[in-house]
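# Report on the structure
Here's the letter readout for the chains.
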Amino acid sequence: MKTSDDLFELIKSLDQAEKRYFKLFASMNIRKGSEDNNYVRLFDFIDKQAANQGKYDEDAVKKHFNNEKFIKQLHVLKGYLYSVILKSLRLYHAEKSKVNELNGLLRDADILFHKSLFGQSKKLIAKAKRIAIVHEKYIQLLEIIDMEKAIARAESYTKRTEEDLDNIYYEVNDSLERIRNINDFWRLSTKSFFLRKKYGNIRNEEELSKFNELMKNPLLKSEDRAATYLSKNFYYNIKGLFYLTKGDYENLLKYSKKLVEFLEANPEMMRPNNYLAALNNLLIVQMETGKYEDAMISIKKIRNISADSKAMSAQIFIISYDNEINLYLLTGDFSSGIKLVPDVERGLKDFSGRIDQESEILFYYNIAYLFFGSGKYEYALEWINKILNKKDLKLREDIQIFARLLNLFVHFELDNYDLLEYEIKSTRRFFDSHNYLNEFEKAILSFLNKIINLNSPEQKEELYNDLKFKLSKKTKDASISRASQYFDTISWLDSKLKNKSFSEIVKVKSQKR
């Protein structure tokens, strides 16, 4: 990546608080009447480009600063600006970190110690110790205790009782035990992660036995064995990963809830990104197990998280709206889903450049599906065309397939039979050229090809029943199982056979889950 791109992406990533801090930091380092503020002016111009254009335009930069001396060495100024921004970010985030706060207190205490100002040094050490204990910074706590020892020696132990010194000994042992406990749980966590990565969902007893062996570790017998906040985090995640791999959703839900409740009970320790991840995992399980009311509560909690960066705000937007739309798709409440469309459009605009292409295209697909489910086929076609008209897409195979299949169903519902005949051929050529033609795709293309040439309702009904029978018979086929996650073909067929709306059929089906 070019330096210009690096600088542009860095500036684009800054949130408002970071920008304000940079400006303050820059103002404190600019000499009055000097030309040092050139890099601030360059910052402002690129910042406007990031907000308005979304991409870097060096020609525009050169044109804007055409009469400035520095333009001849623009690359030097850009490199300098990049380093100044990083320095300001380093200082800004140092002020937010408990470890940095502790290190600052320890440095100050050390300075006072070497000036023999032991009383002042002890005040800072006491403050640092309280912070280290509350926030479980045990490595820093050992450094703090070492300083307590040093002061005790410097004062010839005259201001410490024997009991005080014994307590220091016990505090060191306790800190070391807690560090060891964290490390042991970390090791178990990495082992469970690699087992999951190697085997995915467990398919036989041999694979299950390897995970069972890990779960026999004495530390995993009870959450009481996890002695720290971080250890308990590891414990709940290990349990959740085990039950996910085993396909035991009841226990997976149990431990996903336990982790969220644990984090909520420790707000002073909780990091927003960890809470978001835990809620997202719980939400996925709630959706999978049909706990839709609980899922909505989780979605609301996600939206109420105070993001600490633009990137996190974008993640909150993607996770909450993607899952809420999926909830309405699964329950057949398509009209409620459509009410979210303006919010999604606004979010896609506000977080442009921070949302990956795959997430954006999935929004397009799901919104098209919402309109399809509501019988608003023209709108569905408008959104599906947003996908099909993007020629440079490098997407997952499944998105490519189902965008084109949904397009065919939309044209069928619009009675665009002449156009549909062409679209079927075009879709088949696309599938053939990309080797996408599996059992499900073949069945759908064959069905549509036949039904557009039928006029008799009886013949059409026979064809609907025939396709339903084929798909129902092969529910274990991977391509058919995957297809149901993107388009509920069986419910669509039932809507035709029972002369009911697609929405009605999906609603009834979801209530039986």
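Up top is the structure.
Presented here is an overview of the structure given in this document.

Looking now at the pattern of salt bridges. When the charged atoms of two side chains lie near each other, side chains of opposite charge can form a pair. Counted according to the given criterion, the structure contains 21 salt bridges. Across the salt bridge formed by Lys-62 and Glu-58, the nearest N and O atoms sit 3.9 Å from each other. Of this pair, Lys-62 and Glu-58 both sit in helix α4 (residues 58-64), 4 residues apart, which is roughly one turn of the helix. One salt-bridge network, in which partners are shared between bridges, spans Glu-58, Lys-62 and Lys-78.

What follows is about the packing of aromatic side chains. Taken as a whole and assessed by the stated rule, the structure comprises 42 aromatic pairs. Ring plane angle 80 degrees and centroid distance 5.3 Å describe the contact between Phe-193 and Phe-194, whose orientation is recorded as edge-to-face. Judged by relative accessible area, which is 45%, Phe-193 ranks as partly exposed. For Phe-194, a relative accessible area of 51% translates into the label exposed. Measuring from centroid to centroid gives 6.1 Å for Tyr-365 and Tyr-486, while their planes differ by 75 degrees, and the two rings are edge-to-face. Of this pair, Tyr-365 sits in helix α18 (residues 357-373) while Tyr-486 sits in the loop between α24 (478-483) and α25 (489-497); the two residues are 121 residues apart in sequence, bridging distant segments of the chain. The residues Tyr-365 and Tyr-486 share a single accessibility class, namely buried.

So, on to the environment of Glu-461. Relative to the assigned elements, Glu-461 resides in helix α23 (residues 457-473). Overall, Glu-461 belongs to the partly exposed group, its relative accessible area being 43%. Sequence spacing of Glu-461 and Leu-497 is 36 residues, and the spatial spacing of their C-alpha atoms is 6.5 Å.

Time to look at empty space enclosed by the protein. A complete count under the given rule lists 2 cavities of 30 Å³ or more for this structure. Counted as a void, the largest cavity has a volume near 50 Å³. Every residue lining the largest cavity is listed: Ala-443, Ser-446, Phe-447, Lys-450, Leu-463, Asp-466, Leu-467 and Lys-470. Mapped onto the lining of the largest cavity, the elements with two or more residues apiece are α22 (439-451) and α23. For the lining of the largest cavity, a count of residues per class yields 4 nonpolar, 1 polar and 3 charged. The calculated volume of the second largest cavity comes to roughly 30 Å³.

Turning next to helix α15 (residues 310-331). The end-to-end C-alpha distance of α15, which contains 22 residues, comes to 32 Å, matching closely the 32 Å that a straight helix rising 1.5 Å per residue would cover. One or two steps after α15, the chain reaches Gly-332, where phi turns positive at roughly 75 degrees.

Calculation notes
Residues numbered from 1 in each chain as written. Predicted model: local features only at pLDDT ≥ 70, side-chain atom pairs only at ≥ 80, totals over all residues. Heavy atoms only, no water. Salt bridge = Lys/Arg side-chain N within 4 Å of Asp/Glu carboxyl O. Helix = DSSP H or I, 4+ residues; strand = E, 2+ residues; numbered from the N terminus. Phe/Tyr/Trp six-rings, centres within 6.5 Å; stacked < 30°, edge-to-face > 60°. Buried < 20%, exposed > 50% of the residue type's maximum accessible area, 1.4 Å probe, protein only. 1 Å grid on protein atoms, 1.4 Å probe; cavity = no way out; pocket = protein on both sides within 12 Å on 5 of 7 lines; lining within 4 Å. Points joined across faces, edges and corners; volume = space filled by probe spheres on them. Nonpolar A, V, L, I, M, F, W, Y, C, P; charged D, E, K, R; others polar. Expected span 1.5 Å × (residues − 1).

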